[in-house]
Amino acid sequence: MNFMQMSIAQLVLWFEQALQKGAFPYVSMEAGSFVLSDSVAERTLLYMGCRPFQATLQTLGPLQGRVLAGEVELEAIRCEAVTAETQMHYRCSGIVERQCFGAGSSFNLDAWQAADFSCNTSALLLVQFSKSDDIRHHLCFDRHSLQLSRVSLRSHQDARLFNFIEVLARSSSERSANLLQQLTMSAVPEIAWRALEGVSARSPQQAMALLQQYAQKHPSPLIVQRAAKVLSPARGVC
(Lines give C-alpha, C1' and ligand atoms only; values in the text may rest on other atoms or scores of the structure.)
Protein backbone atom coordinates (compact mmCIF):
# COMPACT_ATOMS: atom_id res chain seq x y z
CA MET A 1 0.00 0.00 0.00
CA ASN A 2 1.45 3.35 -1.07
CA PHE A 3 0.39 5.88 1.57
CA MET A 4 2.32 8.65 -0.17
CA GLN A 5 -0.15 8.52 -3.08
CA MET A 6 -3.28 8.55 -0.93
CA SER A 7 -5.80 11.36 -0.87
CA ILE A 8 -7.46 12.41 2.39
CA ALA A 9 -10.60 10.48 1.39
CA GLN A 10 -8.55 7.33 0.76
CA LEU A 11 -6.75 7.75 4.05
CA VAL A 12 -10.06 8.12 5.92
CA LEU A 13 -11.35 4.97 4.21
CA TRP A 14 -8.22 3.11 5.28
CA PHE A 15 -8.80 4.20 8.90
CA GLU A 16 -12.44 3.06 8.74
CA GLN A 17 -11.43 -0.35 7.40
CA ALA A 18 -8.84 -0.68 10.15
CA LEU A 19 -11.55 0.11 12.72
CA GLN A 20 -13.84 -2.56 11.29
CA LYS A 21 -11.08 -5.14 11.65
CA GLY A 22 -10.85 -4.25 15.34
CA ALA A 23 -7.16 -3.36 15.32
CA PHE A 24 -5.00 -0.58 13.98
CA PRO A 25 -1.91 -1.56 11.97
CA TYR A 26 -0.04 1.48 13.26
CA VAL A 27 1.37 2.56 16.60
CA SER A 28 0.99 5.96 18.22
CA MET A 29 4.46 7.49 18.53
CA GLU A 30 3.94 10.93 20.03
CA ALA A 31 1.20 13.54 20.25
CA GLY A 32 0.03 14.26 16.74
CA SER A 33 2.01 11.61 14.83
CA PHE A 34 1.24 8.02 13.88
CA VAL A 35 3.19 5.25 12.21
CA LEU A 36 1.16 4.09 9.20
CA SER A 37 3.67 1.53 8.00
CA ASP A 38 7.08 0.30 9.06
CA SER A 39 9.41 -2.10 7.27
CA VAL A 40 13.10 -2.87 6.90
CA ALA A 41 13.32 -0.39 4.02
CA GLU A 42 11.13 2.52 5.12
CA ARG A 43 8.73 4.05 7.64
CA THR A 44 5.69 6.21 6.84
CA LEU A 45 4.30 8.64 9.41
CA LEU A 46 1.27 10.91 9.46
CA TYR A 47 1.67 14.21 11.30
CA MET A 48 -1.62 15.83 12.32
CA GLY A 49 -2.24 19.37 13.51
CA CYS A 50 0.05 22.00 14.96
CA ARG A 51 3.78 21.30 15.05
CA PRO A 52 5.91 24.33 16.01
CA PHE A 53 9.59 24.69 15.16
CA GLN A 54 11.78 23.05 17.80
CA ALA A 55 15.18 24.15 19.09
CA THR A 56 17.16 21.90 16.75
CA LEU A 57 17.67 21.11 13.08
CA GLN A 58 18.08 17.37 12.62
CA THR A 59 19.16 15.04 9.83
CA LEU A 60 15.89 13.27 9.08
CA GLY A 61 16.49 12.15 5.51
CA PRO A 62 16.50 10.66 3.11
CA LEU A 63 12.76 11.27 3.10
CA GLN A 64 9.89 12.47 1.00
CA GLY A 65 7.00 14.51 2.37
CA ARG A 66 3.53 15.30 1.04
CA VAL A 67 1.13 17.89 2.44
CA LEU A 68 -2.47 16.62 2.40
CA ALA A 69 -4.03 19.64 4.09
CA GLY A 70 -3.05 22.96 5.65
CA GLU A 71 0.40 24.50 5.41
CA VAL A 72 3.86 23.26 6.35
CA GLU A 73 6.99 25.39 6.73
CA LEU A 74 10.35 23.71 6.34
CA GLU A 75 13.73 24.97 7.56
CA ALA A 76 16.77 23.15 6.21
CA ILE A 77 20.53 23.54 6.03
CA ARG A 78 23.21 21.38 4.47
CA CYS A 79 25.76 19.68 6.69
CA GLU A 80 28.92 17.67 6.10
CA ALA A 81 31.38 15.29 7.73
CA VAL A 82 34.99 16.37 8.15
CA THR A 83 37.83 14.07 9.22
CA ALA A 84 40.52 15.71 11.34
CA GLU A 85 43.35 13.57 12.67
CA THR A 86 41.61 10.43 13.94
CA GLN A 87 38.23 11.99 14.67
CA MET A 88 35.12 12.64 12.60
CA HIS A 89 33.48 16.05 12.98
CA TYR A 90 30.17 17.30 11.61
CA ARG A 91 29.28 20.88 10.74
CA CYS A 92 26.74 22.96 8.85
CA SER A 93 27.62 24.49 5.51
CA GLY A 94 25.64 27.33 3.97
CA ILE A 95 22.64 29.11 5.48
CA VAL A 96 19.25 27.98 6.76
CA GLU A 97 16.67 28.06 3.99
CA ARG A 98 12.94 28.28 4.69
CA GLN A 99 10.21 27.07 2.35
CA CYS A 100 6.42 26.96 2.66
CA PHE A 101 4.31 24.16 1.21
CA GLY A 102 0.53 24.10 0.79
CA ALA A 103 -1.93 21.24 0.30
CA GLY A 104 -0.90 19.04 -2.60
CA SER A 105 2.78 20.02 -2.40
CA SER A 106 5.63 17.54 -2.06
CA PHE A 107 9.25 17.88 -0.99
CA ASN A 108 12.35 15.77 -0.44
CA LEU A 109 15.29 15.86 1.96
CA ASP A 110 18.55 13.99 1.48
CA ALA A 111 20.69 12.48 4.23
CA TRP A 112 22.92 15.58 4.50
CA GLN A 113 20.20 18.14 5.17
CA ALA A 114 19.37 19.04 8.76
CA ALA A 115 15.77 20.20 8.97
CA ASP A 116 12.72 20.96 11.09
CA PHE A 117 8.99 21.35 10.35
CA SER A 118 6.35 23.80 11.45
CA CYS A 119 2.69 22.99 10.70
CA ASN A 120 -0.51 24.95 11.29
CA THR A 121 -3.43 23.46 13.21
CA SER A 122 -5.21 22.16 10.10
CA ALA A 123 -2.14 20.42 8.65
CA LEU A 124 -1.96 16.79 7.59
CA LEU A 125 1.56 15.79 6.55
CA LEU A 126 2.68 12.39 5.23
CA VAL A 127 6.40 11.67 5.57
CA GLN A 128 8.17 8.56 4.31
CA PHE A 129 11.62 7.92 5.79
CA SER A 130 14.03 5.64 3.92
CA LYS A 131 16.24 3.32 5.96
CA SER A 132 19.78 2.51 4.89
CA ASP A 133 22.79 0.83 6.49
CA ASP A 134 24.96 3.45 4.79
CA ILE A 135 23.40 6.22 6.90
CA ARG A 136 24.38 5.39 10.48
CA HIS A 137 24.42 8.73 12.32
CA HIS A 138 21.70 11.12 13.43
CA LEU A 139 22.88 14.72 13.82
CA CYS A 140 21.30 17.58 15.76
CA PHE A 141 22.34 21.22 15.38
CA ASP A 142 21.29 24.15 17.55
CA ARG A 143 18.79 26.15 15.48
CA HIS A 144 20.29 29.52 16.40
CA SER A 145 24.05 28.95 16.71
CA LEU A 146 24.11 26.05 14.18
CA GLN A 147 26.59 24.28 16.48
CA LEU A 148 26.43 20.49 16.68
CA SER A 149 24.54 19.53 19.85
CA ARG A 150 24.22 15.75 19.53
CA VAL A 151 25.47 12.82 17.45
CA SER A 152 23.74 9.46 17.89
CA LEU A 153 23.43 6.19 16.00
CA ARG A 154 20.20 5.92 14.02
CA SER A 155 19.75 2.18 14.46
CA HIS A 156 18.70 0.84 17.86
CA GLN A 157 20.57 -2.33 16.95
CA ASP A 158 23.79 -0.36 16.56
CA ALA A 159 23.25 1.37 19.90
CA ARG A 160 22.50 -1.93 21.69
CA LEU A 161 25.81 -3.34 20.47
CA PHE A 162 27.67 -1.12 22.94
CA ASN A 163 26.12 -2.95 25.89
CA PHE A 164 26.66 -6.28 24.15
CA ILE A 165 30.36 -5.50 23.66
CA GLU A 166 30.75 -4.84 27.40
CA VAL A 167 29.22 -8.24 28.17
CA LEU A 168 31.53 -9.97 25.67
CA ALA A 169 34.58 -8.22 27.12
CA ARG A 170 33.80 -9.58 30.60
CA SER A 171 33.24 -13.12 29.38
CA SER A 172 36.07 -15.67 29.30
CA SER A 173 34.54 -17.94 26.66
CA GLU A 174 36.14 -18.51 23.28
CA ARG A 175 32.86 -17.76 21.55
CA SER A 176 32.75 -14.29 23.14
CA ALA A 177 36.29 -13.64 21.97
CA ASN A 178 35.36 -14.61 18.40
CA LEU A 179 32.28 -12.36 18.45
CA LEU A 180 34.34 -9.43 19.73
CA GLN A 181 36.85 -9.90 16.93
CA GLN A 182 34.03 -9.96 14.37
CA LEU A 183 32.69 -6.68 15.75
CA THR A 184 36.11 -5.02 15.37
CA MET A 185 35.48 -5.24 11.61
CA SER A 186 32.32 -3.12 11.81
CA ALA A 187 32.13 -0.27 9.30
CA VAL A 188 30.76 1.92 12.11
CA PRO A 189 33.87 3.44 13.78
CA GLU A 190 32.30 3.68 17.26
CA ILE A 191 31.41 -0.02 17.27
CA ALA A 192 34.71 -1.22 15.81
CA TRP A 193 36.82 0.83 18.25
CA ARG A 194 34.74 -0.17 21.27
CA ALA A 195 35.13 -3.81 20.25
CA LEU A 196 38.91 -3.31 19.94
CA GLU A 197 38.93 -1.93 23.48
CA GLY A 198 37.03 -5.06 24.55
CA VAL A 199 39.61 -7.28 22.86
CA SER A 200 42.39 -5.34 24.60
CA ALA A 201 40.76 -5.88 28.00
CA ARG A 202 40.79 -9.64 27.38
CA SER A 203 44.10 -9.95 25.50
CA PRO A 204 46.43 -6.97 24.92
CA GLN A 205 48.56 -9.14 22.60
CA GLN A 206 45.59 -9.94 20.35
CA ALA A 207 44.55 -6.28 20.32
CA MET A 208 48.06 -5.29 19.22
CA ALA A 209 47.97 -7.82 16.37
CA LEU A 210 44.60 -6.45 15.23
CA LEU A 211 45.85 -2.86 15.40
CA GLN A 212 48.79 -3.75 13.17
CA GLN A 213 46.40 -5.39 10.72
CA TYR A 214 43.84 -2.56 10.78
CA ALA A 215 46.50 0.12 10.32
CA GLN A 216 46.79 -1.26 6.80
CA LYS A 217 43.18 -2.16 5.99
CA HIS A 218 39.76 -1.82 7.62
CA PRO A 219 36.16 -1.17 6.40
CA SER A 220 36.29 2.19 8.22
CA PRO A 221 39.00 4.63 7.06
CA LEU A 222 38.79 6.27 10.47
CA ILE A 223 39.87 3.04 12.19
CA VAL A 224 42.83 2.78 9.79
CA GLN A 225 43.93 6.27 10.87
CA ARG A 226 43.41 5.58 14.59
CA ALA A 227 45.28 2.27 14.47
CA ALA A 228 48.20 3.88 12.64
CA LYS A 229 48.22 6.74 15.16
CA VAL A 230 48.30 4.37 18.15
CA LEU A 231 51.15 2.41 16.59
CA SER A 232 53.18 5.46 15.60
CA PRO A 233 56.59 5.65 17.39
CA ALA A 234 56.02 9.32 18.27
CA ARG A 235 53.02 8.47 20.41
CA GLY A 236 53.79 4.94 21.49
CA VAL A 237 51.25 2.27 22.24
CA CYS A 238 48.46 2.99 24.72
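Every chain is numbered independently, its residues counted from 1 as its sequence is written. Per-residue local features are limited, in this predicted model, to residues with pLDDT of at least 70; the limit for side-chain atom pairs, both in listing and counting, is 80 or more; totals at the level of whole chains, interfaces and linings are taken over all residues. Remark: hydrogens and water are excluded; side-chain values derive from all non-hydrogen atoms of the structure.

A. Representation of the pattern of salt bridges within the structure. In what follows, salt bridge is the name for a side-chain nitrogen of Lys or Arg lying within 4 Å of a carboxyl oxygen of Asp or Glu. Within this structure, the stated rule accounts for 7 salt bridges. For D110, the salt bridge is made with R78, and the minimal N-O distance between the two is 3.0 Å. Within this pair, whereas D110 is found in the loop between β8 (106-109) and β9 (113-119), its partner R78 is found in strand β6 (residues 72-84), the two being separated by 32 residues in sequence. Remark: exposure states derive from per-residue accessible area (1.4 Å probe, protein chains only) relative to the maximum for the residue type, with buried under 20%, exposed over 50%, and partly exposed in between. Its relative accessible area of 30% is what places D110 among the partly exposed residues. Salt-bridge contacts for R91 lead to E80; the nearest nitrogen and oxygen are separated by 2.7 Å. Taken together, the positions of R91 in strand β7 (residues 87-101) and E80 in strand β6 put the pair 11 residues apart, joining distant regions of the chain. By relative accessible area, which is 28% here, E80 ends up partly exposed. For helices the rule is a DSSP run of H or I covering at least 4 residues; for strands it is a run of E covering at least 2, with both sets numbered from the N terminus onward.

B. Structural view of the pairing of β6. Relative to β7, β6 runs antiparallel, the two sharing 12 bridges. Considered in β7, the bridge of A84 is made with Q87. Only when DSSP finds a minimum of two bridges between them are two strands counted as paired. Hairpin connection, β6 to β7: the antiparallel pair is bridged by 2 residues, and E85 has positive phi, about 60 degrees. Alignment of β6 against β9, held across 7 bridges, turns out to be antiparallel. Paired with V72 across the two strands is C119, which belongs to β9.

C. Spatial organisation of helix α2 (residues 156-170). With 15 residues, α2 should reach 21 Å at 1.5 Å per residue; the first-to-last C-alpha distance of 22 Å fits that figure. To get the bend at any residue, fit one axis to the seven residues that end at it and another to the seven that begin at it, then take the angle between the two axes. The largest bend along α2 reaches roughly 30 degrees and is located at F162. For α2, every residue scored as buried is listed here: D158, F162, I165 and L168. Whether two residues touch is decided by their heavy atoms; if any such pair falls within 4.5 Å, the residues are in contact. Residues of α2 that are buried sit in contact with β12 (148-153), α3 (174-183) and α4 (189-202). By this rule the span expected of a helix is its residue count minus one, scaled by 1.5 Å.

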